[in-house]
Amino acid sequence: DIRKTLTPLLSDVPSTLWLFDLGCGKHRLGGSALAQVFSQLGDEAPTVDAAQLANFLDLIAALHTHGCISAYHDRSDGGAIVALFEMALASGCGLDIETATLCSVHDLVRALFAEELGAVVQVPLHKKQEFTALVLASGLTAQCHPIATPTPDQTLVIHHYGGELARFDVLALHARWSDVTHRMQALRD
């Protein structure tokens, strides 16, 4: 039943976006799109813990069954920042992004662009308590971080430890993103 799938399209209910970081804060950039843009391979590529991945997939299935998540996007090509941008773009909304729970002040670029296993999910506020209980029961609490709040305007705002780092118009980013996407694909092909 295709109506039971999860997509990156954000619902318009009050919600928070959460990042599942299965890289456990390592933020490895080896083989990433960011490294390739700078004509590098990177020194260490992400790896997978098969048991943790299976646990994560079971958790996502449970969260979906209980209606605790209304949107989902993996953080592969480009990392968490690209997943967030693509969700905002698909949904015609903005995002207020807070990165303090992901990394130290000095590790922000790695945290945003690392292509570690994981995903961004949208959690409706009225499901937060059930979401939290299921995450706790899964043992993945340390890998789960609140990262953004959807906003009605089309502005992407990035905050780090309370300070505003950047503000982008989503539509202007989309025009630039089309060119970047083409270049990334060309590098990978």
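In case you missed it, the structure is sitting above this.
The model shown is predicted, which means the values in this text are computed figures rather than measured ones. (Residues numbered from 1 in each chain as written. Predicted model: local features only at pLDDT ≥ 70, side-chain atom pairs only at ≥ 80, totals over all residues. Heavy atoms only, no water.)

K.L.:
Would you mind going over the packing of helix α2 (residues 50-65) against helix α5 (residues 128-138) with me for this structure?
P.N.:
When two helices pack together, their arrangement is given by the angle between their axes and by how far apart the axes lie. The N-to-C vectors of α2 and α5 enclose an angle of 155°; their axes lie 10 Å apart at closest approach. With respect to α5, the element α2 is oriented roughly antiparallel. Crossing angle aside, the handedness with which α2 passes α5 is right-handed. Contacts from Asn55, Leu59, Ala62 and Leu63 of α2 reach α5 at Phe131, Leu134, Val135 and Ser138. The residue makeup of the contact of α2 with α5, split by class, is six nonpolar, two polar and no charged. (Axes fitted to C-alpha atoms, helices over the stretch in contact; angles between N-to-C directions. Helix = DSSP H or I, 4+ residues; strand = E, 2+ residues; numbered from the N terminus. Parallel < 35°, antiparallel > 145°, perpendicular 65-115°, else oblique. Left-handed = near helix turned anticlockwise from the far one by under 90°. Contact = heavy atoms within 4.5 Å. Nonpolar A, V, L, I, M, F, W, Y, C, P; charged D, E, K, R; others polar.)

K.L.:
Just checking my understanding: could you explain the packing of helix α3 (residues 80-91) against helix α6 (residues 170-188) for this structure?
P.N.:
Where α3 meets α6, the closest approach of the two axes is 10 Å, and the angle between their N-to-C directions is 115°. Read as a crossing pair, α3 and α6 show a hand that is left-handed. Each of Val82, Phe85, Glu86 and Leu89 in α3 lies in contact with α6, whose residues at this interface are Val170, Leu173, His174 and Trp177.

K.L.:
Sorry if this is basic, but what is going on with the side chain of Gln143 here?
P.N.:
Checked against the element boundaries, Gln143 lands in the loop between α5 and β5 (144-151). The buried category is assigned to Gln143, whose relative accessible area is 11%. With near-sequence residues (within four places) excluded, Gln143 lies in contact with Leu19, Phe20, Asp21, Cys24 and Gln52. (Buried < 20%, exposed > 50% of the residue type's maximum accessible area, 1.4 Å probe, protein only.)

K.L.:
Help me out: how do you make sense of the nonpolar core in this one?
P.N.:
In summary, soluble globular proteins display a tendency toward joint burial of nonpolar side chains. Grouped together as the largest cluster of nonpolar side chains are 31 residues, with contacts concentrated most on Leu17, Leu84, Leu95, Ile97, Ile147 and Leu156. Where this core is concerned, the elements lending two or more residues are β1 (15-21), α3, β3 (94-98), α4 (108-113), β5, β6 (155-160) and α6. Excluding its chain neighbours within four sequence positions, the residues that come into contact with Leu84 are Leu17, Leu95, Ile97, Val120, Ile147 and Ala148. (Core = buried A, V, L, I, M, F, W, Y, C linked by side-chain atoms within 4.5 Å.)

K.L.:
When you look at the pattern of salt bridges in this model, what are you seeing that I'm missing?
P.N.:
Working definition: two side chains of opposite charge can pair if their charged atoms are close together. All told, the structure shown has six salt bridges when counted by the stated rule. Its salt-bridge partner being Asp21, residue Arg75 comes within 2.4 Å of it at the nearest N-O pair. Linking Arg75 in the loop between β2 (71-74) and α3 with Asp21 in strand β1, this pair joins segments that are 54 residues apart in sequence. The exposure class of Arg75 is buried, given its relative accessible area of 1%. What makes Asp21 buried here is its relative accessible area of 4%. The salt bridge involving Asp107 is made with Arg110; its shortest N-O contact spans 3.7 Å. Relative accessible area serves as the criterion here: at 32%, Arg110 is assigned to the partly exposed category. Several salt bridges converge on common partners, so that one network encompasses Arg28, Glu44 and Glu116. (Salt bridge = Lys/Arg side-chain N within 4 Å of Asp/Glu carboxyl O.)

K.L.:
Can you walk me through the pairing of strand β7 (residues 163-169) in this structure?
P.N.:
On a regular strand, one side chain projects to one face of the sheet and the next to the other, so that they alternate. In terms of strand pairing, β6 meets β7 through six bridges, oriented antiparallel. Bridge pairing links His159 to Glu164 in β7. In textbook terms, the turn of a hairpin is the stretch between consecutive antiparallel strands, and for β6 and β7 this stretch comprises two residues, one of which, Tyr161, has a positive phi near 50°. (Pairing = 2+ DSSP bridges.)

Note that all results are geometric; they support no functional claim without further evidence.
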